[in-house]
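Structural description and commentary
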Amino acid sequence: MRSLGLSLAAAACFFQLVSYSDAQAPQQVRAAYVPAVTWLPVRVAKDKGIFQKHGLDVSLTLIQNLSLLPGAVGKQFDFAASTGPDLLKAVASGLDVAAVAGEVFETKDNMTTQIVVRGDSPIKTLADLKGKIVGTPSLGAIIHVSLLHWLKKEGIDTSTIRAVEVPFPAMADQLKAGRIDAAEMIDPFSRQMIAAGGRSLGDPVLSVGDDVLFPFWISERSWAEKNPAILKAWIMSLEEAKAFIDANPEEARVVLSDYTKLPPAVVREIPFPNYRFRITAKDLAVWVDVLKSLGQLSADLGNRKLVVEVE
Amino acid sequence: MIAALQASRVNWLGLTTIGVVLLIWQAAVQSGLLSFEFLPAPSAIFEGLIALIASGDLVREIASTMTSVLIGWLIALVIGVSAGLLLGSSRALRRYSIASIEFLRPLPGIAFLPVGLLLFGFSTTMELFVIVLPVLWPILIGTMGGVIAVPVRLYEVARTLRLTRTEVIRKIFLPAAAPTIFVGARISLTLALVLAVIAEMIGNPQGLGYAIVREQQAMRPDVMFAYVFVVGLLGIAINAVATALGSRIPILSPQGVAK
């Protein structure tokens, strides 16, 4: 009887040890991001062991085309980079995805997107874009949606501009050659174009409002709701990474250079955007209104949960 | 002189054309006639290529792309030859399927990329999915055409010799269709390279295609064009190997079959 008691006690200790080591084992998480300064915190969190500290074992995949990511969420990735239009269109088409963490908020004090024209261009205001060709990275991209919204807000018929898809690095040459009249640009490409004599008409994203949710992280909604602890650890890691970037900008730029492969001069000059990771449903609601006003939301989202908030 | 150059095994005239184009390009950039951020001079691209070779990344990226090309091509070869033999030998099957084949054949392979991404994610499997379908058609059509063109007297020979179905395929269909299968396979191999690069540029973050986009986004047009140049060289190399194979294996040329 006594030996049975001892055996049970030993077994209990063993299972306690196993469950303790399970609790200590880092949670494996897969994430996809884009090689731009926007996603620096996730790389800093990975490279500086911050995820590990918060109990996450994160494998990162670099993807060039952010708009293709919602379809891979829940299958290949637990977290993926996305934007308002991409997420909302994915939800409208039936995908079970939701925003789970912020990344960059666009503000007047820290603008990352610009509509750039040549220095000698006759285009002085937004209204002058009528009948012109605008270069966009993608017709469905957040920057193009923002420009359409801006035009509409200013009472300009959006059908009067013609948009053609041009990769960011090729925009400057296309503008110079006169193939496009204006370019939808992001840092560091816009910065370089303006330094070379280009002129900005303004930040299209700010037409949506000031302090606007720009790119952010999405997950499979059902998975996110079942894993609030992982979401919390993800956000806390990114917040700690942001603190690291603020405190060690030079070291952060080394990380930036490593994954973007941008020239050293560009890496030195590029400003850090306004990183913020806690988001609410209100942050995404503005994009629902924008897409609706442009007639780009194919389905009524009704009461669909678009953001899984973390306490 | 020109006759001697034409007779040489090395295509000197073709190489001279490439050399002249590069010289004009270099002169246009250096003189400022072509002044674009994203169009470097051939000399800068050459320097980019040297840096790329020194970095050691190139071999890994070529290996990655070529692995996908060869696997995708082999899958297409097996499916294409099998389906081509079936369709070529059965008039009824041909009647049922030819409309579907003619419908699917002109569809651009890259149009299947979003479907591939949904099914297989950002992966090599997705890349193979994008490669196989378009690469399949030249092989299938070549095989089917070859089998249809088998002379009637060979069927009579098969009947006289009481060959089994397998023997007919092995001893009559395959040798008769070998030259057209080979033509299809050769076209498909280069096509597989093009599709692999495109699939990597858009969906599979590895290999030469991904490297082209990566360097473009990293504001390194010299290195980006160096990668494009490597893809072109690979295309030439693939074609040269296939041509050499065709000339060395008698059954792969129509004359060889006739013999």
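In this numbering scheme, every chain counts its residues from 1 along its sequence in written order. Lettering for chains starts from A, numbering for ligands starts from 1, and both go in the order in which the items are written. Note on the predicted model: pLDDT of at least 70 is required for a residue's local features to be given, and 80 or more for side-chain atom pairs to be given and counted; whole-chain, interface and lining totals, by contrast, use all residues. Calculation of side-chain values draws on the structure's entire complement of heavy atoms; hydrogens and water are dropped beforehand.

Comments concerning the interface of chain A and chain B
Throughout, a residue-residue contact means that at least one pair of heavy atoms, one from each residue, lies within 4.5 Å. Of the residues lining the interface, 25 residues belong to chain A; the matching set on chain B comes to 21 residues. For the pairing of chain A and chain B, the buried interface totals around 2000 Å² over both sides, and the portion due to carbon and sulfur atoms is 65%. Salt bridges are counted wherever a side-chain nitrogen of Lys or Arg sits within 4 Å of a carboxyl oxygen of Asp or Glu. Summed over the shared surface of chain A and chain B, the number is 0 salt bridges. A 3.5 Å cut-off defines polar contacts: any pair of N or O atoms within that distance qualifies, except that in protein one atom must be a possible hydrogen donor and the other a possible acceptor, and neighbouring residues in sequence count only when both atoms are side-chain atoms. Inspection of the region where chain A meets chain B yields 1 residue pair in polar contact (both at pLDDT 80 or more). A run of DSSP states H or I qualifies as a helix once it reaches four residues; a run of E qualifies as a strand once it reaches two. Both are numbered from the N-terminal end. Contributing elements (two or more residues each) for the side of chain A that touches chain B: β2 (56-62), α6 (168-176) and α7 (189-195) of chain A. Grouping the amino acids of the side of chain A that touches chain B by side-chain chemistry returns 14 nonpolar, 7 polar and 4 charged. Here the quantity called buried area is the accessible surface, traced with a 1.4 Å probe, that two parts lose on coming together, added over both. Ten residues, namely Ala, Val, Leu, Ile, Met, Phe, Trp, Tyr, Cys and Pro, are considered nonpolar, four, namely Asp, Glu, Lys and Arg, are considered charged, and the remaining ones, Gly among them, are considered polar.

Description of the pairing of strand β9 (residues 182-186) of chain A
Side-chain positions along a regular strand alternate between the two faces of the sheet. Residues and elements named next belong to chain A. Each residue gets one of three labels from its accessible area relative to the maximum for its type: buried under 20%, exposed over 50%, partly exposed in between, using a 1.4 Å probe on protein chains only. With 4 of 5 residues buried, β9 is to be regarded as a mostly interior element. At least two DSSP bridges between two strands are needed for those strands to be called paired. Bridge count for strand β6 (residues 113-117) against β9 is 4 bridges, and the pairing is antiparallel. Each residue of the ladder has a partner; that of I115, found in β9, is E184. Where strand β7 (residues 133-136) and β9 come together, 2 bridges link them in parallel fashion. Counterpart to G135 in the pairing with β9 is A183.

Describing the pattern of salt bridges
All names here are of chain A. Scanning the entire structure with this criterion turns up 18 salt bridges over all chains. Across the salt bridge formed by R43 and D258, the nearest N and O atoms sit 2.8 Å from each other. Of this pair, R43 sits in helix α2 (residues 40-47) while D258 is found in helix α10 (residues 249-260), placing the two residues 215 residues apart along the sequence. For R43, a relative accessible area of 12% corresponds to the buried category.

A look at the sheet that holds strand β12 (residues 216-220) of chain A
All names here are of chain A. Spatially, β2-β1-β3-β12-β4 is the arrangement adopted by the 5 strands of the open sheet, whose pairing is mixed. At either end of the open sheet lies a strand with only one pairing partner, and these are β2 and β4 (97-102). For this sheet the average axis-to-axis angle between neighbouring strands, irrespective of direction, equals 30°. Note that strand β1 (residues 27-33) and β2 share 7 bridges and pair parallel. Bridge assignment links A32 to a residue of β2, and that residue is T61. Angles here are taken between N-to-C directions and fall from 0 to 180 degrees, while the axes themselves are lines fitted to C-alpha atoms, restricted in helices to the stretch in contact. Packing of α2 onto the sheet brings it into contact with β1, β2 and β12, and relative to β2 it is tilted by some 130°. The sheet strands contacting helix α9 (residues 228-247) are β1, β2, β3 (79-82), β4 and β12, and the helix crosses β2 at an angle near 70°.

Regarding empty space enclosed by the protein
Any residue with an atom within 4 Å of a point lines the site, the site being either a cavity, points on a 1 Å grid over the protein atoms alone where a 1.4 Å probe fits but cannot get out, or a pocket, an open set with protein on both sides within 12 Å along at least 5 of 7 lines. Grid points are joined across faces, edges and corners, and a volume is the space filled by probe spheres set on the points. This structure, assessed with the given rule, holds 1 cavity of 30 Å³ or more. Of the voids in this model, the largest cavity is the one considered here, and its volume is about 40 Å³. Looking at the largest cavity, the residues that line it are I63 and Q64 of chain A together with F122, E200, M201, I202, G203, N204, P205 and Y210 of chain B. Per-element tally for the lining of the largest cavity: the top contributor is helix α9 (residues 165-202) of chain B, with 3 residues. Tallied by class, residues from the lining of the largest cavity come to 6 nonpolar, 3 polar and 1 charged.

Just distances and angles here, no functional claims.
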